[in-house]
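The lines below spell out each chain.
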Amino acid sequence: MTSIFVKSEFAPLKRVVLAQSEFAFAAVNNGVDDEFLTAESLELYKGVDIDGKNYKDIFPERQQAWEEERANLKKVLEKYGVEVLLPRMLTDYEKELGLADGYSNFFTRDPFFTVGNMLIEGSLRFPHRRNEILPMRNILVEEANKHRCLYVSTPKPDISLGHDSEEGPFLEGGDVLVLDKTIYVGNSGLASNSNGVQWLKNLTNNFGYEVIEVPLHHTILHLDCALSIVREGLIIACEEAFLNGIPEQFKHWDKINVTLEQASHLATNGLPINDHVYITDYEFDFIGAALEKRGIKVEYIDFKISRSFGGSFRCSTQPLLRNE
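The structure contained in this document is the topic of the report that follows. (Residues numbered from 1 in each chain as written. Predicted model: local features only at pLDDT ≥ 70, side-chain atom pairs only at ≥ 80, totals over all residues. Heavy atoms only, no water.)

Details of the sheet that holds strand 2 (residues 13–18)
Stage number 1. Strand order in this open sheet of four strands is 1-18-2-4, and the pairing throughout is mixed. This sheet does not close on itself; its edge strands, each paired only once, are strand 1 (5–6) and strand 4 (83–85).
Stage number 2. By the bridge criterion, five bridges tie strand 2 to strand 18 (residues 317–322) in an arrangement that is antiparallel. Within the sheet, the bridge partner assigned to Val 16 lies in strand 18 and is Pro 319.
Stage number 3. Along the sheet face, helix 3 (residues 60–79) touches strand 2, strand 4 and strand 18 and points at about 165 degrees away from the line of strand 2.
Stage number 4. Sitting on the sheet, helix 5 (residues 134–147) is in contact with strand 2, strand 4 and strand 18, with an inclination near 145 degrees to strand 2. (Pairing = 2+ DSSP bridges. Helix = DSSP H or I, 4+ residues; strand = E, 2+ residues; numbered from the N terminus. Contact = heavy atoms within 4.5 Å. Axes fitted to C-alpha atoms, helices over the stretch in contact; angles between N-to-C directions.)

Describing the nonpolar core
Stage number 1. Ranked by size, the top nonpolar core spans 36 residues in total, and within it Leu 227, Phe 242, Phe 250 and Leu 291 carry the most contacts.
Stage number 2. The set of elements that each furnish at least two residues to this core consists of strand 9 (176–179), strand 12 (227–231), strand 13 (234–237), helix 7 (260–264) and helix 8 (285–293).
Stage number 3. In terms of residues, this core owes the most to one element, strand 13, which gives four residues.
Stage number 4. Non-local contacts of Phe 250, meaning those with residues more than four positions away in its chain, are made with Leu 179, Tyr 184, Leu 227, Ile 229, Ile 235 and Lys 255. (Core = buried A, V, L, I, M, F, W, Y, C linked by side-chain atoms within 4.5 Å. Buried < 20%, exposed > 50% of the residue type's maximum accessible area, 1.4 Å probe, protein only.)

Regarding the environment of Asp 275
Stage number 1. Here Asp 275 is to be found in the loop between strand 15 (271–274) and strand 16 (277–280).
Stage number 2. C-alpha separation for the pair Asp 275 and Leu 13, spaced 262 residues apart in sequence, amounts to 9.7 Å.
Stage number 3. For Asp 275, the contacting residues outside a window of four places in its chain are Phe 10, Val 230, Arg 231 and Ile 296.
Stage number 4. At 2.9 Å, the side chain of Asp 275 and the side chain of His 276 are in polar contact. (Polar contact = N/O pair within 3.5 Å; in protein donor to acceptor, adjacent residues only side chain to side chain.)

Structural notes on the environment of Gln 262
Stage number 1. With respect to the secondary-structure elements, Gln 262 resides in helix 7.
Stage number 2. Here the alpha-carbon distance between Gln 262 and Gly 310, two residues 48 residues apart in the chain, equals 13 Å.
Stage number 3. Excluding residues that lie within four positions of it along the chain, Gln 262 makes contacts with Ala 267, Phe 284 and Phe 286.

Notes on the layout of surface pockets
One way to see where empty space is left: roll a probe the size of a water molecule over the atoms.
Stage number 1. Of the voids in this model, the largest pocket is the one considered here, and its volume is about 650 Å³.
Stage number 2. If you list the elements that add at least two residues to the lining of the largest pocket, you get helix 4 (92–97), strand 5 (103–105) and helix 5.
Stage number 3. Grouping the constituent residues of the lining of the largest pocket by class yields 11 nonpolar, 10 polar and eight charged. (1 Å grid on protein atoms, 1.4 Å probe; cavity = no way out; pocket = protein on both sides within 12 Å on 5 of 7 lines; lining within 4 Å. Points joined across faces, edges and corners; volume = space filled by probe spheres on them. Nonpolar A, V, L, I, M, F, W, Y, C, P; charged D, E, K, R; others polar.)

A few points about helix 6 (residues 194–204)
Stage number 1. Those residues of helix 6 not exposed but buried are Gly 196, Val 197, Trp 199, Leu 200, Leu 203 and Thr 204. Taken down its axis, helix 6 places every buried residue within 160 degrees of arc, on the same side.
Stage number 2. Where helix 6 is buried, its residues meet strand 6 (112–115), strand 7 (118–121), strand 8 (150–153), strand 10 (182–187) and strand 11 (210–215). (Arc of directions from axis to C-beta.)

Topic: the sheet that holds strand 15
Stage number 1. The strand order across the open sheet built from three strands is 15-16-17, with neighbouring strands paired in mixed fashion. If you trace the sheet from one side to the other, it starts and ends with strand 15 and strand 17 (297–300), each paired once. Shown here is a sheet whose adjacent strand axes are inclined to one another by a mean of 25 degrees, direction ignored.
Stage number 2. The pairing of strand 16 with strand 17 spans four bridges and is parallel. The partner of Ile 279 across the bridge, within strand 17, is Glu 299.
Stage number 3. Strands strand 15, strand 16 and strand 17 of the sheet are contacted by helix 3, whose axis makes an angle of about 180 degrees with strand 16.
Stage number 4. Along the sheet face, helix 8 touches strand 16 and strand 17 and points at about 160 degrees away from the line of strand 17.

A closer look at the pairing of strand 2
Stage number 1. Burial analysis of strand 2 places five of its six residues in the buried class, which makes it a mostly covered element.
Stage number 2. As paired strands, strand 2 and strand 4 are joined by three bridges and run parallel to one another. Of the residues in strand 4, the one forming a bridge with Val 16 is Val 84.

Concerning unusual backbone geometry
Stage number 1. For the bond running from Gly 168 to Pro 169, omega is 5 degrees, close enough to zero to count as cis.
Stage number 2. Positionally, Pro 169 belongs in the loop between strand 8 and strand 9.
Stage number 3. The backbone of Arg 148 sits at a positive phi, close to 55 degrees, despite the residue not being glycine.
Stage number 4. Tracing the sequence through the fold places Arg 148 in the loop between helix 5 and strand 8.
Stage number 5. The backbone of Asp 180 sits at a positive phi, close to 55 degrees, despite the residue not being glycine.
Stage number 6. Following the sequence through the fold, Asp 180 ends up in the loop between strand 9 and strand 10.

What follows is the structure in C-alpha coordinates.
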(Lines give C-alpha, C1' and ligand atoms only; values in the text may rest on other atoms or scores of the structure.)
Protein backbone atom coordinates (compact mmCIF):
# COMPACT_ATOMS: atom_id res chain seq x y z
CA MET A 1 0.00 0.00 0.00
CA THR A 2 1.21 3.50 -0.83
CA SER A 3 2.10 5.84 2.03
CA ILE A 4 0.88 8.91 0.10
CA PHE A 5 -2.87 9.07 -0.44
CA VAL A 6 -5.71 11.27 0.83
CA LYS A 7 -9.17 9.91 0.11
CA SER A 8 -11.23 12.33 2.19
CA GLU A 9 -11.22 14.66 5.18
CA PHE A 10 -12.28 11.89 7.54
CA ALA A 11 -10.65 8.74 6.15
CA PRO A 12 -8.41 7.28 8.88
CA LEU A 13 -5.41 9.54 9.44
CA LYS A 14 -2.19 7.52 9.39
CA ARG A 15 0.64 9.91 8.44
CA VAL A 16 0.75 13.68 8.91
CA VAL A 17 3.11 16.69 8.83
CA LEU A 18 2.68 18.74 12.02
CA ALA A 19 3.59 22.43 12.16
CA GLN A 20 6.48 24.10 13.97
CA SER A 21 5.96 27.37 15.88
CA GLU A 22 8.05 30.12 14.27
CA PHE A 23 6.85 33.59 13.31
CA ALA A 24 8.26 37.10 12.88
CA PHE A 25 6.49 40.34 12.06
CA ALA A 26 7.24 42.48 9.01
CA ALA A 27 9.80 45.23 9.44
CA VAL A 28 7.35 47.91 8.27
CA ASN A 29 3.61 48.66 8.41
CA ASN A 30 3.23 46.45 11.51
CA GLY A 31 3.05 43.38 9.29
CA VAL A 32 -0.26 42.13 10.71
CA ASP A 33 -2.77 40.86 8.14
CA ASP A 34 -5.86 41.64 10.18
CA GLU A 35 -8.83 41.04 7.90
CA PHE A 36 -9.47 37.62 9.43
CA LEU A 37 -7.92 37.99 12.90
CA THR A 38 -10.13 38.39 15.95
CA ALA A 39 -10.30 41.62 17.95
CA GLU A 40 -8.63 39.80 20.87
CA SER A 41 -5.66 38.84 18.69
CA LEU A 42 -5.24 42.38 17.36
CA GLU A 43 -5.51 43.86 20.87
CA LEU A 44 -2.43 41.86 21.87
CA TYR A 45 -0.27 43.87 19.45
CA LYS A 46 -1.51 47.35 20.34
CA GLY A 47 1.18 49.58 21.83
CA VAL A 48 3.87 46.94 21.30
CA ASP A 49 6.89 47.46 19.05
CA ILE A 50 6.53 44.42 16.84
CA ASP A 51 8.06 45.65 13.57
CA GLY A 52 10.70 43.20 12.40
CA LYS A 53 10.60 41.30 15.69
CA ASN A 54 10.45 37.57 16.32
CA TYR A 55 7.33 36.54 18.20
CA LYS A 56 9.30 34.55 20.78
CA ASP A 57 11.35 37.62 21.73
CA ILE A 58 8.27 39.78 22.33
CA PHE A 59 6.05 37.16 23.94
CA PRO A 60 8.33 34.45 25.42
CA GLU A 61 5.64 32.97 27.69
CA ARG A 62 3.14 32.78 24.85
CA GLN A 63 5.82 31.19 22.66
CA GLN A 64 6.35 28.46 25.25
CA ALA A 65 2.60 27.88 25.53
CA TRP A 66 2.35 27.77 21.73
CA GLU A 67 5.01 25.08 21.50
CA GLU A 68 3.24 23.12 24.25
CA GLU A 69 -0.01 23.23 22.26
CA ARG A 70 1.67 21.63 19.26
CA ALA A 71 3.37 19.05 21.53
CA ASN A 72 -0.01 18.16 23.04
CA LEU A 73 -1.50 17.72 19.58
CA LYS A 74 1.40 15.42 18.66
CA LYS A 75 0.69 13.29 21.73
CA VAL A 76 -2.98 12.89 20.83
CA LEU A 77 -2.17 12.01 17.23
CA GLU A 78 0.37 9.40 18.31
CA LYS A 79 -2.12 8.01 20.83
CA TYR A 80 -4.21 6.97 17.81
CA GLY A 81 -1.25 5.49 15.96
CA VAL A 82 -0.64 8.42 13.60
CA GLU A 83 2.92 8.80 12.32
CA VAL A 84 3.93 12.45 12.84
CA LEU A 85 6.59 14.19 10.72
CA LEU A 86 7.96 17.65 11.55
CA PRO A 87 9.36 20.33 9.22
CA ARG A 88 12.87 21.55 9.97
CA MET A 89 13.35 24.93 11.64
CA LEU A 90 14.14 28.04 9.61
CA THR A 91 17.78 28.78 8.94
CA ASP A 92 19.42 32.11 9.84
CA TYR A 93 19.62 32.90 6.13
CA GLU A 94 15.88 32.30 5.65
CA LYS A 95 15.11 34.56 8.61
CA GLU A 96 17.36 37.29 7.23
CA LEU A 97 15.72 36.92 3.83
CA GLY A 98 12.30 37.40 5.41
CA LEU A 99 13.01 40.49 7.49
CA ALA A 100 11.13 42.95 5.25
CA ASP A 101 7.86 41.01 4.91
CA GLY A 102 8.17 38.89 8.03
CA TYR A 103 8.57 35.12 8.02
CA SER A 104 6.63 32.11 9.21
CA ASN A 105 6.96 28.40 9.78
CA PHE A 106 3.74 27.94 11.72
CA PHE A 107 1.07 26.14 9.65
CA THR A 108 1.59 23.13 7.39
CA ARG A 109 -1.89 23.05 5.86
CA ASP A 110 -1.43 25.88 3.36
CA PRO A 111 2.05 25.56 1.77
CA PHE A 112 1.16 22.15 0.30
CA PHE A 113 -1.73 19.71 0.20
CA THR A 114 -2.41 16.10 -0.73
CA VAL A 115 -5.12 14.96 -3.13
CA GLY A 116 -5.24 11.24 -3.83
CA ASN A 117 -1.58 10.31 -4.41
CA MET A 118 -0.60 13.82 -5.53
CA LEU A 119 1.61 16.11 -3.43
CA ILE A 120 0.86 19.67 -4.53
CA GLU A 121 2.78 22.75 -3.42
CA GLY A 122 0.50 25.75 -3.03
CA SER A 123 1.02 29.39 -3.95
CA LEU A 124 0.41 31.66 -0.96
CA ARG A 125 -1.04 35.16 -1.15
CA PHE A 126 0.62 36.84 1.86
CA PRO A 127 4.28 37.71 1.07
CA HIS A 128 5.50 36.63 4.52
CA ARG A 129 4.22 33.11 3.84
CA ARG A 130 5.55 32.57 0.31
CA ASN A 131 8.71 30.78 1.51
CA GLU A 132 6.87 28.76 4.14
CA ILE A 133 7.15 25.67 1.97
CA LEU A 134 10.95 25.59 2.30
CA PRO A 135 11.23 24.00 5.79
CA MET A 136 9.00 21.12 4.69
CA ARG A 137 10.20 20.68 1.12
CA ASN A 138 12.76 18.05 2.13
CA ILE A 139 9.86 15.94 3.44
CA LEU A 140 8.03 16.26 0.13
CA VAL A 141 11.11 15.39 -1.91
CA GLU A 142 11.90 12.36 0.24
CA GLU A 143 8.29 11.17 0.17
CA ALA A 144 7.99 11.64 -3.59
CA ASN A 145 11.28 9.84 -4.26
CA LYS A 146 10.46 6.97 -1.93
CA HIS A 147 6.86 6.41 -3.02
CA ARG A 148 7.13 7.67 -6.62
CA CYS A 149 3.96 9.72 -6.26
CA LEU A 150 3.12 12.73 -8.40
CA TYR A 151 4.76 15.87 -6.93
CA VAL A 152 3.91 19.20 -8.57
CA SER A 153 3.89 22.88 -7.67
CA THR A 154 1.40 25.65 -8.34
CA PRO A 155 3.02 28.39 -10.48
CA LYS A 156 4.78 31.20 -8.66
CA PRO A 157 2.49 34.27 -8.33
CA ASP A 158 2.61 36.80 -11.15
CA ILE A 159 3.92 40.08 -9.72
CA SER A 160 4.23 41.90 -13.06
CA LEU A 161 1.65 44.44 -11.86
CA GLY A 162 3.41 44.97 -8.53
CA HIS A 163 4.08 43.38 -5.17
CA ASP A 164 0.38 43.17 -4.31
CA SER A 165 -0.86 41.92 -7.68
CA GLU A 166 -4.04 39.86 -7.50
CA GLU A 167 -3.20 37.75 -10.56
CA GLY A 168 -1.76 34.84 -8.64
CA PRO A 169 -2.47 32.05 -9.20
CA PHE A 170 -3.06 31.69 -5.46
CA LEU A 171 -3.91 28.28 -4.05
CA GLU A 172 -3.72 27.47 -0.34
CA GLY A 173 -4.29 24.12 1.33
CA GLY A 174 -6.69 25.55 3.91
CA ASP A 175 -9.09 26.22 1.06
CA VAL A 176 -8.85 22.67 -0.30
CA LEU A 177 -11.21 20.00 1.07
CA VAL A 178 -11.23 16.52 -0.46
CA LEU A 179 -14.24 14.20 -0.56
CA ASP A 180 -13.48 11.17 -2.71
CA LYS A 181 -13.34 12.47 -6.30
CA THR A 182 -14.67 15.96 -5.46
CA ILE A 183 -12.39 18.81 -4.41
CA TYR A 184 -13.90 21.93 -2.85
CA VAL A 185 -11.80 25.11 -3.01
CA GLY A 186 -12.72 28.24 -1.08
CA ASN A 187 -12.29 31.80 -2.41
CA SER A 188 -12.84 34.74 -0.05
CA GLY A 189 -10.35 37.12 -1.68
CA LEU A 190 -7.91 36.58 1.18
CA ALA A 191 -6.17 33.39 0.03
CA SER A 192 -6.91 31.19 -3.01
CA ASN A 193 -8.26 32.90 -6.13
CA SER A 194 -10.07 31.82 -9.30
CA ASN A 195 -6.80 31.53 -11.23
CA GLY A 196 -5.57 29.07 -8.62
CA VAL A 197 -8.82 27.12 -8.77
CA GLN A 198 -8.59 26.92 -12.56
CA TRP A 199 -5.01 25.63 -12.36
CA LEU A 200 -6.10 22.90 -9.96
CA LYS A 201 -8.99 21.98 -12.27
CA ASN A 202 -6.62 21.66 -15.20
CA LEU A 203 -4.37 19.35 -13.20
CA THR A 204 -6.85 17.12 -11.39
CA ASN A 205 -9.38 16.71 -14.20
CA ASN A 206 -6.76 14.46 -15.77
CA PHE A 207 -7.22 12.09 -12.82
CA GLY A 208 -11.01 12.07 -12.67
CA TYR A 209 -11.54 14.78 -10.04
CA GLU A 210 -14.20 17.48 -10.08
CA VAL A 211 -13.16 20.84 -8.61
CA ILE A 212 -15.87 23.11 -7.16
CA GLU A 213 -15.08 26.73 -6.31
CA VAL A 214 -16.79 27.98 -3.15
CA PRO A 215 -17.21 31.79 -2.74
CA LEU A 216 -16.75 32.84 0.90
CA HIS A 217 -17.43 35.84 3.15
CA HIS A 218 -14.59 38.39 3.01
CA THR A 219 -13.55 37.80 6.65
CA ILE A 220 -13.11 34.03 6.21
CA LEU A 221 -9.50 33.21 5.43
CA HIS A 222 -9.99 29.63 4.19
CA LEU A 223 -12.75 27.15 3.49
CA ASP A 224 -11.74 25.09 6.52
CA CYS A 225 -12.60 28.14 8.64
CA ALA A 226 -16.21 27.71 7.53
CA LEU A 227 -16.64 23.96 6.98
CA SER A 228 -15.50 20.73 8.58
CA ILE A 229 -16.48 17.41 7.01
CA VAL A 230 -16.69 15.17 10.06
CA ARG A 231 -17.89 11.97 8.41
CA GLU A 232 -20.20 10.92 5.60
CA GLY A 233 -23.48 12.77 6.20
CA LEU A 234 -22.23 15.13 8.95
CA ILE A 235 -20.62 18.57 8.78
CA ILE A 236 -19.83 21.50 11.05
CA ALA A 237 -20.61 24.65 9.10
CA CYS A 238 -21.00 28.41 9.26
CA GLU A 239 -23.86 29.02 6.82
CA GLU A 240 -23.31 32.80 6.91
CA ALA A 241 -19.85 32.29 5.41
CA PHE A 242 -21.10 30.84 2.09
CA LEU A 243 -22.02 33.59 -0.37
CA ASN A 244 -23.92 31.16 -2.60
CA GLY A 245 -25.09 28.86 0.17
CA ILE A 246 -23.55 25.63 1.39
CA PRO A 247 -22.37 23.46 -1.53
CA GLU A 248 -25.18 21.35 -2.94
CA GLN A 249 -23.71 18.02 -1.81
CA PHE A 250 -23.97 19.07 1.84
CA LYS A 251 -27.39 20.76 1.87
CA HIS A 252 -29.21 17.69 3.17
CA TRP A 253 -26.47 16.44 5.47
CA ASP A 254 -26.76 16.65 9.25
CA LYS A 255 -25.25 20.01 10.28
CA ILE A 256 -23.78 21.40 13.47
CA ASN A 257 -24.14 25.13 12.92
CA VAL A 258 -21.77 27.88 14.09
CA THR A 259 -22.06 31.65 13.77
CA LEU A 260 -19.73 33.91 11.82
CA GLU A 261 -18.29 35.11 15.13
CA GLN A 262 -17.62 31.52 16.24
CA ALA A 263 -16.10 30.75 12.84
CA SER A 264 -13.71 33.69 13.29
CA HIS A 265 -12.42 31.93 16.42
CA LEU A 266 -11.81 28.77 14.31
CA ALA A 267 -14.79 26.76 15.55
CA THR A 268 -14.88 24.67 12.36
CA ASN A 269 -11.12 24.10 12.22
CA GLY A 270 -11.12 20.88 14.20
CA LEU A 271 -9.48 17.71 12.95
CA PRO A 272 -11.10 14.33 12.35
CA ILE A 273 -8.67 11.50 13.14
CA ASN A 274 -11.20 9.21 11.51
CA ASP A 275 -14.98 9.14 11.17
CA HIS A 276 -15.51 8.47 14.89
CA VAL A 277 -12.79 10.57 16.63
CA TYR A 278 -12.55 14.37 16.37
CA ILE A 279 -10.13 16.93 17.87
CA THR A 280 -11.37 20.37 18.93
CA ASP A 281 -10.62 23.14 21.43
CA TYR A 282 -12.15 23.41 24.91
CA GLU A 283 -13.69 26.70 23.80
CA PHE A 284 -15.93 24.74 21.44
CA ASP A 285 -17.34 22.27 23.94
CA PHE A 286 -20.78 22.94 22.43
CA ILE A 287 -19.49 21.37 19.23
CA GLY A 288 -17.96 18.52 21.22
CA ALA A 289 -21.27 17.88 22.98
CA ALA A 290 -23.13 17.84 19.67
CA LEU A 291 -20.58 15.40 18.22
CA GLU A 292 -20.77 13.12 21.25
CA LYS A 293 -24.54 12.95 20.88
CA ARG A 294 -23.88 11.62 17.40
CA GLY A 295 -21.57 8.89 18.68
CA ILE A 296 -18.24 10.60 18.00
CA LYS A 297 -15.44 10.59 20.57
CA VAL A 298 -14.02 14.07 21.14
CA GLU A 299 -10.44 14.88 22.13
CA TYR A 300 -10.01 18.37 23.60
CA ILE A 301 -6.79 20.41 23.44
CA ASP A 302 -6.27 24.04 24.49
CA PHE A 303 -5.14 25.72 21.27
CA LYS A 304 -5.75 29.41 21.93
CA ILE A 305 -2.23 30.60 21.04
CA SER A 306 -2.30 28.81 17.69
CA ARG A 307 -5.77 30.22 17.04
CA SER A 308 -4.54 33.76 17.70
CA PHE A 309 -2.51 33.43 14.46
CA GLY A 310 -5.65 32.57 12.49
CA GLY A 311 -5.35 28.78 12.40
CA SER A 312 -6.15 25.78 14.54
CA PHE A 313 -5.94 21.99 14.37
CA ARG A 314 -6.54 21.47 10.66
CA CYS A 315 -4.27 24.39 9.81
CA SER A 316 -1.49 22.87 11.95
CA THR A 317 -1.55 19.53 10.13
CA GLN A 318 -1.22 18.30 6.56
CA PRO A 319 -2.03 14.63 5.92
CA LEU A 320 0.17 12.46 3.78
CA LEU A 321 -1.97 9.38 4.28
CA ARG A 322 -5.72 9.29 4.90
CA ASN A 323 -7.08 6.04 3.55
CA GLU A 324 -9.06 2.98 4.60
